[in-house]
Amino acid sequence: MPSAFQSMSAQNLPLEIPIHHVSAFNTDDNDDAFAVTDEPVGLTFSRDAIRGEVTRNLEAAWINHQPRETYQETNDSVSTLDINGDAYGSPVEPDPLSADESILSAEFSQISLSNSTHLVANHTVDTDDNGDHGQSNAPYPNIVIDASEEAPTHRVTSTLDHASTTPPSSPPRFPPAPSTRSLPPETTTSSADHEPTTSSAASIPPLTVATNTHRSSLSDIPQSKNGQNPTNPPSGQRQARLKGPSMFEQVRSKTRPTHLPPKPKAEDKKHLADWEKMMGLSRIAAEKKRKALSERRNARERQIEASISIWEKEVMPDWRVVHKNPQIRRLWWKGIPIKLRASLWERAVGNPLALSKDHFRSCLARAKRALSANLFPQTTLDLIEQDIRSTLPSLRLFHPEFGPMYSDLKEMLYAWAVARSDEGLGYTYGVAKIAGMMLITMPMQQAFNVMRNLLERHCMRSFYGGERSKDDVEAYYRIFDTLLADGMPKIYFNFKQHQISPAAYLSDWLVTLFLDHLPFEACARIWDVIMLEGDSFLYRAALGILAVLEPRLFFPDRTELLELLRGENKAAMEVAKREGVRLGGGKYEIYGVDEETLWERIDAMEDWWKESTWTRLIQRELPDI
């Protein structure tokens, strides 16, 4: 019968059987081999005698315990055994005869109280309502030991009468629920093999067990509908996440430093209101600035239109008077009237190539024959299409699908590519911007001749000349570096520190004549002066752009500085979007570069800019011109 003793010890019930009472449990054998001879006692070794002895010992352990005023029961929860506690978790004085059994407490923690029909181990706790051992007012369970030879295993059943343990004045908070304890497994067996015919798992009354070290009832833990603890989902299942932001995300500031504690709610609301107020004032100020700039531009255009009589009387008869009369020259710098711009551009550029009026038609005819014979390089055709798509996208005049001037620009570029092929030169990306500006100003044939003569000037020819003019381009870069060091030494040393040469930005400006970076109105006015002054004004306008961008040019990172020069600074683009600035125009519009601010910087160069300096640098770097 060792299993019976182990079962009773595992129940944490005071089993008091003195050593001198132990004898052979085989009732068929009267041998007194295990008896203690110093205190002979006459005993009857039978099943009834053992049951009676166990009942008397249990009666002594449970009769002195008083019920707690509050009683909580668990439903299908996990608990631990308390060696030194009563059925409700209260500590009791340890029995001197059962003190050795406290060593087993560590072996019986975290015992499952599941109602599953699968019983763990050969020793299973069950209850039986048959019989009432002990007094009616004693809150202890009845223990029945099944030691029959017919039973495959030894089973210990326990019954706890809640009506006798709970005081009438304090009814239980929750209705009683069944709970089953199972002993630590020795071997895993099925409950179907060991289920007795006299008891059923459905008739098990509730039994509450608590530990001495953790007195909180497990009924306080929230349970899900299926009895599972929501914080410990079953293995193989993913815990469901609540929808929406968490409580921490609702109060956490996205811009506050992480080492600072969260702001109080009232302070956070105040700061948010202040920020919205500042943003509103900023938008109002930006709108006022745009309106003021528009009014000044309209006033300047009205002055230009009012000066048409002066242009017609003094300039149109002989445009060279501009070089003789300083007042007429200042008038030219303020901008040519739109309806006179085509004629004056043609006169100022001249015809150094001696192109006839039929030059465009002959080049276009050759281009069409090459297209029909599939002799036109496909790479050039693809490059022309790509260049057209990026030409003045905000005006939508050259859009491939609905642009009214798309076909004219394409034919002009085909003719220009054929004319360049006679010199062994290929197509240069960016020329579509210049051709588009010419088509907006004058007819196609006139625009073609003016463009060819303009690009024949030495500086422009060098940047459009390909590999053969690489040395001349490097010479122009050195000239620009010298002018930048003389006029803007801070920008020059900052560029040198970050190893940024003029090749990183100047080529993009000059190939398109600033049309890809500046607003259209500012470019038109710059072009008016370029036609008159020549290559020197290209460099003066480039220095004016750097002067406008100077407050932004001192980034500690080279990558950020290059992004700014390319017009791709992300912070400036976000600010422009917030203020409603269009992004389809010049790339530098997001930096606030407009006609007025640019010309303020260009006019301020009168203090140090000298044409003699430009001439001296050209003679030093390009003596063959």
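As annotated in an unreviewed UniProt entry, the protein carries the name Rab-GAP TBC domain-containing protein and comes from Leucocoprinus leucothites.

Draft legend 1. The pattern of salt bridges, seen in detail. Tallied over the full model, the rule gives 22 salt bridges. Linking R525 and E595 is a salt bridge whose minimum nitrogen-to-oxygen distance equals 3.3 Å. Separated by 70 residues along the polypeptide, R525 in helix 19 (residues 520-533) and E595 in helix 23 (residues 595-604) bring together distant segments of the chain. Between R620 and E621 there is a salt bridge whose closest N-O contact spans 3.2 Å.

Draft legend 2. Seen up close, helix 8 (residues 326-333). Taken residue by residue, helix 8 has I328, L331, W332 and W333 as its buried positions. Close packing links the buried residues of helix 8 with helix 7 (308-315), helix 9 (338-349), helix 19, helix 20 (535-549) and helix 23. You can read the cap of helix 8 off the contacts: a side-chain oxygen lies 3.1 Å from the backbone nitrogen of Q327, and it is on N325. Once helix 8 ends, the next one or two residues include G335, with phi positive near 125°.

Draft legend 3. View of the environment of L513. Following the sequence through the fold, L513 ends up in the loop between helix 18 (506-511) and helix 19. A residue is classified by how much of its surface remains accessible, and L513, at 2% relative accessible area, is buried. Setting aside anything within four residues of it in sequence, one finds L513 in contact with I434, L454, M460, C523, W527, I530 and L538.

Draft legend 4. Region of the structure containing the side chain of R420. Residue position: R420 is located in helix 12 (residues 406-421). Excluding residues within four positions of it along the chain, R420 makes contact with L425, G426, T428 and Y464.

Draft legend 5. Here's a closer look at the packing of aromatic side chains. Throughout the structure, instances matching the rule amount to 21 aromatic pairs. Look at F360 and F448: their rings are 5.2 Å apart centre to centre, the planes differ by 55°, and that puts the pair in the tilted class. Of this pair, F360 sits in helix 10 (residues 359-372) while F448 sits in helix 14 (residues 444-454), placing them 88 residues apart in sequence. Over the aromatic face of W599 sits the side chain of R525, whose NZ or CZ is 4.2 Å from the ring centroid.

Draft legend 6. Up close: the environment of I530. Mapped onto the fold, I530 is located in helix 19. Using a relative accessible area of 4% as the deciding quantity, one classes I530 as buried. C-alpha of I530 to C-alpha of A348: the two residues are 182 residues apart in sequence and 9.3 Å apart in space.

Draft legend 7. Examining helix 6 (residues 265-306) more closely. End to end, helix 6 covers 61 Å across 42 residues, agreeing with the expected 62 Å (1.5 Å per residue, within 8%). For helix 6, the set of buried residues is M279, G280, A286, L293, R300 and I304. Lining the buried residues of helix 6 we find helix 7, helix 19, helix 22 (570-579) and helix 23.

Procedures and definitions
Residues numbered from 1 in each chain as written. Predicted model: local features only at pLDDT ≥ 70, side-chain atom pairs only at ≥ 80, totals over all residues. Heavy atoms only, no water. Salt bridge = Lys/Arg side-chain N within 4 Å of Asp/Glu carboxyl O. Helix = DSSP H or I, 4+ residues; strand = E, 2+ residues; numbered from the N terminus. Buried < 20%, exposed > 50% of the residue type's maximum accessible area, 1.4 Å probe, protein only. Contact = heavy atoms within 4.5 Å. Polar contact = N/O pair within 3.5 Å; in protein donor to acceptor, adjacent residues only side chain to side chain. Phe/Tyr/Trp six-rings, centres within 6.5 Å; stacked < 30°, edge-to-face > 60°. Lys NZ or Arg CZ within 6 Å of the ring centre and 35° of its normal. Expected span 1.5 Å × (residues − 1).

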